[in-house]
Amino acid sequence: GAVVSQHPSRVICKSGTSVKIECRSLDFQATTMFWYRQFPKQSLMLMATSNEGSKATYEQGVEKDKFLINHASLTLSTLTVTSAHPEDSSFYICSASGGGYTQYFGPGTRLTVL
Amino acid sequence: DQQVKQNSPSLSVQEGRISILNCDYTNSMFDYFLWYKKYPAEGPTFLISISSIKDKNEDGRFTVFLNKSAKHLSLHIVPSQPGDSAVYFCAASVQEYGNKLVFGAGTILRVKS
């Protein structure tokens, strides 16, 4: 149980384009989903927290207009990187929680912006 | 300010022996602690957790110990297996903060056969 999927696993895009990443909880209802970013050899950095049906809460320093988050249902959240630039290249990971402390993570999405 | 610290960037252990991964924290409001295992280019996998009202939790080969007075927790893996080689992250949470996780920097564990 507690499986979270992410799609796509890898995406390469041109500078200036937008990229959407999907995060799904496959076997449980995720009341809260989290989006993280990981730079090489660094820890996971929380970007935002989203609850189903409400606006996401962004961490300090994360541009909400650049990283659009939609948590439309209890099993799906999306992160859209708008007008992507090379510095947005990173490993993006989502996690989902069914209401408790434990977060279950997706496999991650490697974004490369050329 | 790093609230969760994993001071050992790496650890090397012989197969069959015990692996001990350490984690220190500074925020006394943390009330739940978790350990995750991560392979490169994959998401973290939940291993084991412990509430601040306990001092030990065991699940198979994995045991987590919590010393609240020292603000220290450790993960014991015994016996260690080559498949345990990965990055281990310690994470802490406060219910008041909406159960957001604060992660340590991670420790690379290498189990040699």
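So, here's what we can say about the structure. Not measured: the values here are computed from a predicted model.

Take the overall build of chain A next. The number of helices and strands found in chain A is zero helices and eleven strands. Helices and strands appear in chain A in the N-to-C order β-β-β-β-β-β-β-β-β-β-β. By principal-axis analysis of the C-alpha atoms, chain A measures approximately 35 × 25 × 20 Å. For chain A, buried positions account for 50% of its 114 residues. Chain A carries 10 positive and 8 negative side-chain charges, and their two centres are separated by 7 Å.

All right, on to unusual backbone geometry then. Cis geometry marks the peptide bond from H7 of chain A to P8 of chain A; its omega dihedral reads 0°. Note that P8 of chain A resides in the loop between strand 1 (4-7) and strand 2 (10-13). In this structure, the amide linkage connecting V78 of chain B to the following residue, P79 of chain B, adopts the cis form with an omega of -5°. The residue P79 of chain B is located in the loop between strand 8 (72-77) and strand 9 (86-93) in this model. Positive phi is not limited to glycine here, since K71 of chain B has a value of about 50°. Tracing the backbone shows K71 of chain B in the loop between strand 7 (62-67) and strand 8.

A few words now on the sheet that holds strand 6 (residues 56-59) of chain B. All names here are of chain B. With respect to topology, five strands assemble into an open sheet ordered 1-3-8-7-6, the strand pairing being antiparallel. If you trace the sheet from one side to the other, it starts and ends with strand 1 (4-5) and strand 6, each paired once. As paired strands, strand 7 and strand 8 are joined by six bridges and run antiparallel to one another. Along strand 8, the bridge assignment pairs L66 with L73.

All names here are of chain B. Its location among the elements puts I50 in strand 5 (residues 45-51). For I50, a relative accessible area of 1% corresponds to the buried category. Taking the C-alpha atoms as reference points, I50 and F33, separated by 17 residues in sequence, lie 5.3 Å from one another. Ignoring anything within four residues of it in the chain, the contact list for I50 reads Y32, F33, D55, K56, N57, V64 and L66.

The subject of this paragraph is the sheet that holds strand 1 of chain A. Each strand in a sheet pairs with another by means of backbone hydrogen bonds, the pair being arranged parallel or else antiparallel. Residue and element names in this part refer to chain A. Spatially, four strands are ordered 1-3-8-7 in an open sheet, and the strand pairing comes out antiparallel. Every interior strand has two partners, whereas the edge strands, strand 1 and strand 7 (67-73), have only one. Neighbouring strand axes in the sheet, compared pairwise and without regard to direction, differ in orientation by 15° on average. Pairing geometry for strand 1 and strand 3 (residues 19-25), over four bridges, is antiparallel.

Right, let's talk about the interface of chain A and chain B for a bit. Of the residues lining the interface, 21 residues belong to chain A; the matching set on chain B comes to 21 residues. Carbon and sulfur atoms supply 61% of the area buried between chain A and chain B, which totals about 1500 Å² over both sides. When the buried surface of chain A facing chain B is broken down by residue, S43, Y101 and F105 of chain A rank first, second and third, together holding 39% of it. Counting every contact that joins chain A to chain B gives one salt bridge. The salt bridge involving K100 of chain B is made with E59 of chain A; its shortest N-O contact spans 2.9 Å. The tally of links between chain A and chain B comes to six residue pairs in polar contact (both at pLDDT 80 or more).

The rules behind each value
- Residues numbered from 1 in each chain as written.
- Chains lettered and ligands numbered in written order.
- Predicted model: local features only at pLDDT ≥ 70, side-chain atom pairs only at ≥ 80, totals over all residues.
- Heavy atoms only, no water.
- Helix = DSSP H or I, 4+ residues; strand = E, 2+ residues; numbered from the N terminus.
- Buried < 20%, exposed > 50% of the residue type's maximum accessible area, 1.4 Å probe, protein only.
- Lys, Arg positive; Asp, Glu negative; His and termini not counted.
- Charge placed at Lys NZ, Arg CZ, Asp CG, Glu CD.
- Pairing = 2+ DSSP bridges.
- Contact = heavy atoms within 4.5 Å.
- Axes fitted to C-alpha atoms, helices over the stretch in contact; angles between N-to-C directions.
- Buried area = accessible area lost by both parts, 1.4 Å probe.
- Salt bridge = Lys/Arg side-chain N within 4 Å of Asp/Glu carboxyl O.
- Polar contact = N/O pair within 3.5 Å; in protein donor to acceptor, adjacent residues only side chain to side chain.

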